[in-house]
Amino acid sequence: MRTLADLGDVDGKRVLVRVDFNVPLDDGRVTDDTRIRAAVPTIEELRRRGARLVLVSHLGRPKEREPELSLRPAAAHLAELTEAKVTLAPAVVGEDVRALADRLGRGEMLVLENVRYEPGETKNDPALAAALAELADAYVDDAFGAAHRAHASTVGVAELIEQRAAGLLLEREVMTLSKLLEDPEQPLVAVLGGAKVSDKIAVIERFLALADTILIGGAMCFPFFAAQGHGVGSSLCEADDVSLAERALQAAAGARARLELPRDLVIADRLAADARAQPLDGIEVPEGMMGLDIGPRTSERYAQAIGDAATVFWNGPMGAFELEPFAAGTRAVAEAVASAPGTTVVGGGDSAAAVQGLGLADRVTHLSTGGGAALELIEGKALPGVEALK
Ligand code: ADP
Ligand code: MG
């Protein structure tokens, strides 16, 4: 993978930078600017090197040109963060956009409109890739969160511009996750939670070979309990997931890693903020009740294992943490990860949001900005956006 150090001279050149400004908005304001901040080091380095920047990102999944999904708020926020001149283009490509790109001065920035306003983006349409390539002399990809998709702005355009490289964020994401997979400091503990085994089975299997301990939490534990013959009540637990959990349990029998499941739970009769949360000392969920969080004994045990690890990888919340009665397990794990002396890596949309929401983002070694991309890398898949930078 080529990096900014290999990019060569960009002084006075137009550089197309694929960033990930897919940020949450509320009433036209950016409510979490983590992803914009994460792109600033690359932007600043290129500006220092005299580049004229054309920034391209997607935002949400517009079906047509939905004005609520304009990049205007993100562009305004970037101008605040960098105290630089930022212009929002009226469209993604076209004559007017080209004229604006040509007029850019050194260090100035043009933000293209939401690239998914163009239906060709997700189809990796060659015409859109060519139109994007016409806007630039060089290409830098810093959008790790989009690197697992072969789209026009991540792959098509990269293949058309010879002077290309990964940005600092993309480089750090790939390096950190590759080190975790290839040469982790032992003991390695993987904490895996979230909603469904089917989303994570390949990750579980990878860590069975790589980790010393896998700690399972979230709704994901119920297919495991069902596979072991326990009652799961009305907990989230699909039949497909039960057979996958069975497969994982079989693989675990001869694996390097020890797979641990919760010892106690928090249950309620329904998934609601005003539901009455009850502790369950054990894991046998009664009929009509659902497991919605790990219990305090489990939290304590998991925190201990996290504290003893040299490397921790965490993906997936321990419970339905968006609702306060079921947030304690996720909070305990987040705090344990933040306090752990080892190298700590958090990847996953909801787990990253949980760490962020608790104000602990600065206390983990690496908080991945790419949920899906991080998981695919761990599964051992090649990321098309990264391959295109070779
Ligand atoms: P990530 O985005 O970190 O990879 P997932 O998307 O796999 O995580 O899972 C997160 C979702 O799982 C959250 O919305 C959370 O509420 C839900 N969840 C976790 N545990 C439970 C549970 N026991 N019952 C219902 N939902 C759960
Ligand atoms: Mg998620």
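Please read these numbers as outputs of a predicted model, since none were measured by experiment.

Draft legend 1. Structural view of the environment of Ile-36. As for its position among the elements, Ile-36 is in helix H1 (residues 34–48). When its relative accessible area of 0% is taken as the criterion, Ile-36 is described as buried. Once the C-alpha coordinates of Ile-36 and Asp-20 are considered, the two residues, 16 residues apart in sequence, prove to be 7.2 Å apart. The contacts of Ile-36, once residues within four sequence positions are left out, are Phe-21, Val-23, Val-30, Ala-74, His-77, Leu-78 and Leu-81.

Draft legend 2. Spotlight on the side chain of Asp-241. One can find Asp-241 in helix H9 (residues 239–253). No salt bridge is formed by the buried Asp-241, whose closest oppositely charged neighbour, Lys-196, lies at an N-O distance of 6.0 Å.

Draft legend 3. Fine view of the pairing of strand S16 (residues 343–346). Judged from the 4 bridges that link them, strand S15 (residues 311–315) and S16 form a sheet pairing that is parallel. Opposite Trp-314, over in S16, you have Val-346 as the bridge partner. Regarding topology, helix H11 (residues 328–339) serves as the crossover connection from S15 to the parallel S16, and that connection is right-handed. For S16 and strand S17 (residues 366–367), the ladder comprises 2 bridges, and the chain directions are parallel. Looking across to S17, one finds that Val-346 is bridged to Leu-367.

Draft legend 4. The site of ligand 1, seen in detail. Within the structure, ligand 1 sits among 18 residues, and Lys-200, Ala-219, Glu-322, Asp-350 and Ser-351 are positioned closest to it. One of the side-chain nitrogen or oxygen atoms of Lys-200 is found 2.8 Å away from an oxygen atom of ligand 1. Within the backbone of Gly-349, one N or O atom sits 3.4 Å away from an oxygen atom of ligand 1. Here ligand 1 has 570 Å² of accessible area as a free molecule, and 84% of this is covered by the chains. Looking at the shell around ligand 1, the elements that each hand over two or more residues are strand S14 (290–294) and helix H12 (349–357).

Draft legend 5. Quick look at unusual backbone geometry. In this structure, Pro-187 follows Gln-186 across a cis peptide bond, with omega equal to -5°. In this fold, Pro-187 is placed in the loop between helix H6 (168–182) and strand S9 (188–192). Positive phi outside glycine occurs at Glu-83, with the angle close to 50°. Relative to the helices and strands, Glu-83 is located in the loop between helix H2 (72–82) and strand S5 (86–88). In this structure Glu-83 comes out as exposed when scored by relative accessible area, which is 75%. The backbone of Asn-124 sits at a positive phi, close to 50°, despite the residue not being glycine. Structurally, Asn-124 is set in the loop between strand S6 (109–111) and helix H4 (126–133).

The rules we used
- Position numbers for residues count from 1 along each chain, tracking the sequence in the order it is written.
- Numbering of ligands from 1 and lettering of chains from A proceed in the order in which they are written.
- In keeping with the model being predicted, local features are shown solely for residues with a pLDDT of at least 70 and side-chain atom pairs are shown and tallied solely at 80 or more, while totals for entire chains, interfaces and linings include all residues.
- To get the side-chain values, take all heavy atoms of the structure and skip hydrogens and water.
- Helix and strand assignments follow DSSP, with helices taken as H or I runs no shorter than four residues and strands as E runs no shorter than two, numbered in order from the N terminus.
- Any residue under 20% of the maximum accessible area for its type is buried, any over 50% is exposed, and the rest in between are partly exposed; the area is computed with a 1.4 Å probe on protein chains only.
- Any two residues whose heavy atoms approach within 4.5 Å at even a single point are treated as in contact.
- Charge assignment in this entry is limited to Lys and Arg as positive and Asp and Glu as negative, and neither His nor the chain termini are counted.
- Between Lys or Arg on one side and Asp or Glu on the other, a salt bridge is scored when a side-chain nitrogen of the former is within 4 Å of a carboxyl oxygen of the latter.
- For two strands to count as paired, DSSP must find a minimum of two bridges between them.
- Here, the term right-handed applies to a crossover whose path from the first strand over the helix to the second runs clockwise when the strands point away from the viewer.
- If a single non-hydrogen atom of a residue is within 4 Å of a molecule or strand, that residue counts as near it.
- Any pair of nitrogen or oxygen atoms within 3.5 Å is treated as a polar contact; in protein, a donor-acceptor pairing is required on top of that, and neighbouring residues in sequence qualify only through side-chain atoms on both sides.
- In this description, accessible areas are obtained by the Shrake-Rupley approach with a 1.4 Å probe, and a residue is regarded as covered only by the protein chains that are shown.

Function cannot be read off these values alone, since they describe shape.
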